[in-house]
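# Notes for the structure review
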Amino acid sequence: MKKTRLMFAAISCSAIMACSTMEAQVAERPLPSGESCQSASLEQLVGIRANAEIGANALIQSGAETLRWIPPRSAVTMDYRHDRLNIEYDDDLVITRIHCG
């Protein structure tokens, strides 16, 4: 039984180390030149009520590949993604901030 636990622990550690190495390699890759998000032109949407149509249009205008809605008082990951548009809104569904990342 102890041998099984040790073998499982060794395999688990190897798998974790392999994953962390892969993540580091991905993070160091240069960003492709045509795949970035531009949110400066979307500042005009701050103060407007959020809805699916606004989100879809903002996604197209920004050039981003993904859209993340951020509700009030939500925990979000701090990872930066050059191809993601973030739209934050308040309790009344009014857009408070638009940014890439």
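Below: a short report on this structure.

About the criteria used
Residues numbered from 1 in each chain as written. Predicted model: local features only at pLDDT ≥ 70, side-chain atom pairs only at ≥ 80, totals over all residues. Heavy atoms only, no water. Helix = DSSP H or I, 4+ residues; strand = E, 2+ residues; numbered from the N terminus. Buried < 20%, exposed > 50% of the residue type's maximum accessible area, 1.4 Å probe, protein only. Contact = heavy atoms within 4.5 Å. Pairing = 2+ DSSP bridges.

### Looking at the overall build of the chain
Within the chain one finds 2 helices and 3 strands. Beginning at the N terminus, the succession of helices and strands in the chain can be written as α-α-β-β-β. A total of 101 residues make up the chain; the buried ones form 24% of that total. Across the chain, contacts joining residues at least 24 apart in sequence account for 39% of those joining residues at least 6 apart.

### Section: unusual backbone geometry
With a phi close to 60°, Arg 73 is a non-glycine residue in the positive phi region. Relative to the elements of secondary structure, Arg 73 occurs in the loop between strand E1 (66–70) and strand E2 (84–89).

### Points about the pairing of strand E3 (residues 95–100)
Bridge count between E2 and E3: 5 bridges; the pairing is antiparallel. In the sheet register, Asn 86 faces E3, and the bridge partner there is His 99. The antiparallel pairing of E2 with E3 creates a hairpin that spans 5 residues between the two strands, and Leu 93 there sits at a positive phi of about 65°.

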